[in-house]
Amino acid sequence: MPASVNELVDLLQIEQLEVNLFRGGQPKASRLPRVFGGQVAGQAVSAAQRTVTDGKHLHSLHAYFILGGDPSIPIIYDVESVRDGRSFATRRVSARQHGEVIFYMTASFQRDEEGWDHQDVLPPTPGPEEATSMLDLVKYISPDGAEQWKREWGGFDMRYVGDPRPEDDATRPYYPVVQRMWFRASDALPDDPELHRAAFTYYSDFSLLGAALVPHGLVISSPKVQPASLDHVVWFHRPFRVDEWLLYDQSSPSASGARGLSTARVFTQDGALVATVAQEGLIRPAKPRDER
């Protein structure tokens, strides 16, 4: 994962190899054993956007994470132009490594149009200045992990607002399940809406699945959990910038069968609902090595 905004931009600026065929690079210093899912999704968005050049903008994506990516080699993105209509366009993107598909995405694009307008209201939430820096939380939990956190996530400023677990018993189920955090790029990004959508897609895979563990008193990094993103959906509603504060208002309506479902509304600081995100992921109880 990128340690700076410049590295994030480089990571999302994929190389075109042929018509509708692209190659995405890897972060320079990541120590993760597999590619972060948001990276594959963000690069796939960059690839799809490069093939739509008639004024249509990405408004939704539906993706499946099929295999864990290998962080030691590039990823090949093959974009299929399914349809180009007057108002909408559709693309399918396959991401490949070692001759196998590791990720699959369908994306829809639309011309700007006028229509009815309504939205949910920004929930009462402490602002980013009142929230706790994720780096400070990491330092509190594991002082030795702070430097690794900065290497992996230095491209984003994240502030944790919290969740509604009762303080007297953090493992007692509590509904509705809510987890909130503010985030933004840690430095200014170029004035390119396509780059902001790709960067948002990159980040959107970061903490969403963790909301499904809130009622069970666990975090996604717990050794008790074997996590993995399975599918991912983003709907873009209104313009936004990723280098300005966005509230990730997450909830989890259900967990069962070793899978958790999480949804999220994304608001600007002045209250505009700019995106909705949903993800189902694996949250399998980890077994001791001798029982696997």
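Since this is a predicted model, take the numbers as computed values, not measurements.

## Things to note about the overall build of the chain
Okay, step 1: Secondary structure assignment for the chain yields five helices and 13 strands.
Okay, step 2: Dimensions of the chain, computed from C-alpha atoms along their principal axes, come out at roughly 55 × 50 × 35 Å.
Okay, step 3: A total of 292 residues make up the chain; the buried ones form 47% of that total.
Okay, step 4: Counting contacts in the chain only where the partners sit at least 6 residues apart, residues at least 24 apart contribute 72% of the total.
Okay, step 5: Total accessible area computed for the chain in this model is approximately 14900 Å², and 50% of it derives from carbon and sulfur atoms.
Okay, step 6: Taking the average place of the 30 positive charges on the side chains of the chain and the average place of its 39 negative ones, the gap between the two points comes to 4 Å.

## Quick look at the UniProt feature "domain: Acyl-CoA thioesterase-like N-terminal HotDog" (unreviewed entry) in the chain
Okay, step 1: Within the UniProt annotation, "domain: Acyl-CoA thioesterase-like N-terminal HotDog" (unreviewed entry) is assigned to residues 34–110.
Okay, step 2: Taken as a whole, residues 34–110 contains 18% helix and 52% strand, while its terminal C-alpha atoms sit 33 Å from one another.

## Here's the deal with the packing of aromatic side chains
Okay, step 1: Within the structure shown, the criterion is met by 12 aromatic pairs.
Okay, step 2: Aromatic pair Phe-183 and Phe-200: ring centres 6.2 Å apart, planes at 40 degrees, arrangement tilted. Separated by 17 residues along the polypeptide, Phe-183 in strand β9 (residues 178–185) and Phe-200 in helix α5 (residues 193–204) bring together distant segments of the chain.
Okay, step 3: Relative accessible area serves as the criterion here: at 0%, Phe-183 is assigned to the buried category.
Okay, step 4: An aromatic cluster of at least three residues, connected via ring pairs, comprises Phe-36, Phe-156, Phe-183, Phe-200, Tyr-202, Tyr-203, Phe-206, Phe-236, Phe-240 and Tyr-248.

What counts, and at which threshold
- Residues numbered from 1 in each chain as written.
- Predicted model: local features only at pLDDT ≥ 70, side-chain atom pairs only at ≥ 80, totals over all residues.
- Heavy atoms only, no water.
- Helix = DSSP H or I, 4+ residues; strand = E, 2+ residues; numbered from the N terminus.
- Buried < 20%, exposed > 50% of the residue type's maximum accessible area, 1.4 Å probe, protein only.
- Contact = heavy atoms within 4.5 Å.
- Areas by Shrake-Rupley, 256 points an atom, 1.4 Å probe, with all protein chains shown as cover.
- Lys, Arg positive; Asp, Glu negative; His and termini not counted.
- Charge placed at Lys NZ, Arg CZ, Asp CG, Glu CD.
- UniProt positions renumbered as here; feature names shortened; annotations may be inferred.
- Phe/Tyr/Trp six-rings, centres within 6.5 Å; stacked < 30°, edge-to-face > 60°.

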